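# Structure assessment
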Amino acid sequence: MGGSNGEPDLSDSLKTFGSVLKALREEARLTQEELAQRVQYSAHYVAKIEQGKRFPPGDLPERAESALGAVAAKVLAAAARSLTRRAGLASWFRQWAGIEEEAVSLYAYECRAIPGLLQPEPYIRAIFERRLPPLTEEEIEAQVVARLERQRLLTERPNAAFAFVIEQALLVRRVGGREVTEAVIDHLLATGARRNVEIQVMPLHQEDHTGVDGQMYLAETPAHQWVGYTEGQRSSSLITGPKDVSVLLQRYGRLRSQALDCGASVSLLKEMRGAL
């Protein structure tokens, strides 16, 4: 999400599920756009599932029954049960990525790295060039492309509300050097000017701070249910329990009140940009 986790390599089982979905769709003589409309997901999301790049949502077979038929739905359900759910990162991230793509609201608090959706290319490269164990040039390029592709959500989902709270310390650290930090600030200012994006900066000195337990992400689904997501060192967790999600929502609400408002955040970013 931030600097720690890129998308893992595709698993054979996900590729197989995607191929099954594509075959059933083509047998029903439907385009990706037509199937997407009937299952109430975006065409981009359906394409990612067919390519084996997204973990399919659990209710996909049920949603697809009216479009593909009862037998096809049973085939999809069986294929879903056979998916290899890799421990930790792979399955959780793919599930979250799918939720992220369909979210009507997305909230993020980051204290480790600039959120992935807000990273300009120089910062992305700086993050992955410092990865241990070291990545090859090909692996770095693949991560850059994948992350930039994810950022299309901000422009392709103009009716979705995106809100970010980021620590000022992330900019003070200057990962990648002065020029990279300049690119980050410029990108934050440009992205924050979008009507569907709010960016707030948590100042270095804030005695009343609710984010001591670390970063958090929250998404509101099209069904208006909230889901949470957190990451650690080579691990991640999807949070769906109502009580646990409620805790994250309470904390995020308080964090937004403790951070600088959007206008003050813009002023601080411009001040920091000028001081570089």
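See above for the structure.
Below is a short write-up of the structure. (Residues numbered from 1 in each chain as written. Predicted model: local features only at pLDDT ≥ 70, side-chain atom pairs only at ≥ 80, totals over all residues. Heavy atoms only, no water.)

## Description of the environment of Leu189
Structurally, Leu189 is set in helix α11 (residues 178–192). Placed 125 residues apart in sequence, Leu189 and Ala64 show a C-alpha to C-alpha distance of 41 Å. Non-local contacts of Leu189, meaning those with residues more than four positions away in its chain, are made with Val266, Leu269 and Lys270. (Helix = DSSP H or I, 4+ residues; strand = E, 2+ residues; numbered from the N terminus. Contact = heavy atoms within 4.5 Å.)

## As for the state of the cysteines
Applying the stated criterion across every chain yields a total of zero disulfides. Unpaired in this structure, Cys111 has its nearest cysteine sulfur neighbour in Cys262, at a distance of 19 Å. For Cys111, a relative accessible area of 27% puts it in the partly exposed group. According to the relative accessible area criterion, Cys262 is partly exposed, its value standing at 29%. (Disulfide = S-S within 2.5 Å. Buried < 20%, exposed > 50% of the residue type's maximum accessible area, 1.4 Å probe, protein only.)

## With respect to unusual backbone geometry
Note that the residue after Leu132, namely Pro133, is joined by a cis bond; omega there is -5 degrees. Its identity as a non-glycine residue notwithstanding, Gln40 has a phi of 65 degrees, on the positive side. With a relative accessible area of 60%, Gln40 lands in the exposed category. Phi at His224 is positive, roughly 65 degrees, even though this residue is not glycine. Residue position: His224 is located in the loop between β4 (216–220) and β5 (226–232). Given a relative accessible area of 57%, His224 falls into the exposed group.

## Remarks on the nonpolar core
If you look at the biggest cluster of nonpolar residues, it comprises 38 residues, and the most contacted ones within it are Trp96, Ile114, Phe162, Phe164, Leu171 and Leu188. Among the elements that make up this core, the one with the highest residue count is helix α7 (residues 121–129) (five residues). By size, the runner-up hydrophobic cluster in this structure holds 18 residues, among which are Leu30, Tyr41, Leu60 and Ala64. (Core = buried A, V, L, I, M, F, W, Y, C linked by side-chain atoms within 4.5 Å.)

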